[in-house]
Amino acid sequence: LGPFFVSCDHGCVHAPNQHGAILTSREDTCGEPGLTRREVIDRNMSAVAAADLVVAYITATDCHGTLFEIGYALALGKPVVMVFAPNIDAADFWFLSMQCAAVYESVDLCRLSEILAAEIRKTIRRRRTK
């Protein structure tokens, strides 16, 4: 889910006020066409709506788009897992994290795949019991 669907982990199109979007042209960026802000929003909202599970790795406190996506997912009744990097105080995110299916604190990047795999297994088990 975005903006990671934009090439190069969105770094190639990450500039001031362009988080994952190229507004001025459709020029090729790292082998992928740039996206407008509207296209980024539409893709993100569609992906959240279609998701069986939403996992957010919080590495900065100014992750406004991610926080919105989490709120949207919760409003849709999606299970949400918040994973906090070691440098982030999870207590600052209490309002959202108290509504999540799971919260992991002080997680190094190298543990993400293990956590994701465990949460996917939980999601599959939940779906089978319904």
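Residues numbered from 1 in each chain as written. Predicted model: local features only at pLDDT ≥ 70, side-chain atom pairs only at ≥ 80, totals over all residues. Heavy atoms only, no water.

A.B. asks: Describe the confidence of the model for the protein chain, listing the residues and the values that go with them.
C.D. replies: Looking at the protein chain, pLDDT values average 83 and 75% of them are 70 or higher. No element of the protein chain has a lower mean pLDDT than strand β1 (residues 28–29), which averages 46, and none a higher one than strand β5 (residues 102–104), which averages 98. Below pLDDT 50 for its whole length, residues 1–11 participates in 25 contacts with residues either more than four positions away or in separate chains. Contacts for the low-pLDDT stretch residues 22–29, under 50 throughout, to residues beyond four places or in other chains number 20 contacts. (pLDDT = per-residue confidence, 0-100. Helix = DSSP H or I, 4+ residues; strand = E, 2+ residues; numbered from the N terminus. Contact = heavy atoms within 4.5 Å.)

A.B. asks: Quick one: what's the story with the environment of Val103, residue by residue and with numbers?
C.D. replies: Inspection of the secondary structure puts Val103 in strand β5. Sequence spacing of Val103 and Val81 is 22 residues, and the spatial spacing of their C-alpha atoms is 5.7 Å. Those residues within four positions of Val103 in sequence are excluded, and the remaining contacts are Met82, Phe84 and Ser97.

A.B. asks: Just give me the short version of helix α2 (residues 64–75), but keep the residues and values in it.
C.D. replies: Along its twelve residues, α2 runs 17 Å from first to last C-alpha, staying within 8% of the 16 Å computed at 1.5 Å per residue. Buried within α2 we find Glu69, Ile70, Ala73 and Leu74. Projection of α2 onto a plane perpendicular to its axis shows the buried side chains occupying an angular sector of 135 degrees, all on one side. Of the exposed residues in α2, the ones pointing more than 90 degrees away from its buried face are His64, Phe68 and Ala75. Considering only its buried residues, α2 is in contact with α1 (37–50), β3 (54–58), β4 (80–84) and α3 (94–97). In the segment just after α2, Gly77 is the residue with positive phi, at about 80 degrees. (Expected span 1.5 Å × (residues − 1). Buried < 20%, exposed > 50% of the residue type's maximum accessible area, 1.4 Å probe, protein only. Arc of directions from axis to C-beta.)

A.B. asks: Got a sec to walk through a nonpolar patch on the surface? Specific residues and values, please.
C.D. replies: On the surface, Val55, Leu116, Ile120 and Ile124 cluster together into a nonpolar patch covering about 280 Å² of accessible area. Sort the elements by how many residues they give to the nonpolar patch and helix α4 (residues 112–129) lands first, with three residues. Tracing the backbone shows Ile124 in helix α4. With a relative accessible area of 38%, Ile124 lands in the partly exposed category. (Patch = residues over 30% accessible without salt bridge, like charges linked within 9 Å, V, L, I, M, F, W, Y side chains within 5 Å. Areas by Shrake-Rupley, 256 points an atom, 1.4 Å probe, with all protein chains shown as cover. Salt bridge = Lys/Arg side-chain N within 4 Å of Asp/Glu carboxyl O.)

A.B. asks: Please provide a residue-by-residue account of a positive patch on the surface, values included.
C.D. replies: Taken together, the side chains of Arg121, Arg125, Arg126 and Lys130 present a region of like positive charge at the surface. With respect to the secondary-structure elements, Lys130 resides in the segment after α4. (Lys, Arg positive; Asp, Glu negative; His and termini not counted. Charge placed at Lys NZ, Arg CZ, Asp CG, Glu CD.)

A.B. asks: Quick one: what's the story with the pairing of β4, residue by residue and with numbers?
C.D. replies: Counting buried positions over the five residues of β4 gives five, a clear majority of the element. Covered by surrounding structure in β4 are Val80, Met82 and Phe84 together with Val81 and Val83, the residues of both alternating faces. Pairing analysis gives five bridges linking β3 to β4, with the strands arranged parallel. What sits directly across from Ala56, in β4, is Met82. Taken together, the three bridges between β4 and β5 define a ladder with parallel strand orientation. Paired with Met82 across the two strands is Val103, which belongs to β5. (Pairing = 2+ DSSP bridges.)

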